Amino acid sequence: MLYNMRFTDVELSYLFKESNRALKNNCLLYFSFRSDKDVLYNKGKKIGSNIYEIDDFQIRFSTKEQIESFLTIYFEIKDIEESYEEPVSLYLVFCNKK
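Residues numbered from 1 in each chain as written. Predicted model: local features only at pLDDT ≥ 70, side-chain atom pairs only at ≥ 80, totals over all residues. Heavy atoms only, no water.

1. Looking at the packing of aromatic side chains
Quick reminder of the rule: Here a pair means two rings of Phe, Tyr or Trp (six-membered ring of Trp) with centres within 6.5 Å. Their orientation is stacked below 30 degrees between planes, edge-to-face above 60, and tilted elsewhere. Residue burial is assigned from relative accessible area. The probe radius is 1.4 Å, only protein chains are included, and a residue is buried under 20% of its type maximum, exposed over 50%, and partly exposed in between. Helix and strand definitions follow DSSP, with helices as H or I runs of at least four residues and strands as E runs of at least two, each counted in order from the N terminus.
Using the criterion set out here, one finds 7 aromatic pairs in the structure. Pairing phenylalanine 31 with phenylalanine 33 gives two aromatic rings, centres 5.8 Å apart and planes at 75°, and the pair type is edge-to-face. A relative accessible area of 6% places phenylalanine 31 in the buried class. Judged by relative accessible area, phenylalanine 33 falls into the buried class, the value being 0%. Judged by centre distance (5.9 Å) and plane angle (80°), the rings of tyrosine 41 and tyrosine 52 are edge-to-face. Note that tyrosine 41 is positioned in the loop between β1 (27-35) and β2 (45-48) and tyrosine 52 in strand β3 (residues 51-54), a separation of 11 residues in sequence. A relative accessible area of 21% means that tyrosine 41 is categorised as partly exposed. An aromatic cluster of at least three residues, connected via ring pairs, comprises Phe16, Phe31, Phe33 and Phe70.

Function cannot be read off these values alone, since they describe shape.
Written out as C-alpha cells, the structure reads:
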C-alpha cells in the first residue's frame with residue numbers, strides 16, 4: 001500500500017524510475033494503488049490531487065491512466081477488491097523488466 005500514501009506525481013515518478021533501475025532483467029514487481037472506483041474516493045477532506053484525509057489517514061487514489069503515466073517497463077493492470085471492514089477497490093499492477 002506504499003503507493004496509496006501522500007506522494008506527488010513527481011515523487012511517484014521518481015519511485016518508479018528507481019524501482020526500474022534496481023530491477024534485474026526478467027524480474028517482477030507487484031504493487032497496488034487505491035482505485036478511483038473505491039467507495040471512499042471523493043470522501044473526506046480533499047488535501048491534494050486525488051488525495052483525501054479520511055479518519056486521520058491521507059490516502060491517494062489513482063486512475064489507470066495516472067498509473068500508466070508513471071511506468072516505463074512492461075506492465076499489466078487488473079481491478080481487484082479486498083475486504084476489510086468495508087470493501088477496498090485497488091488496481092493491482094504487474095511489472096516485468098525484460
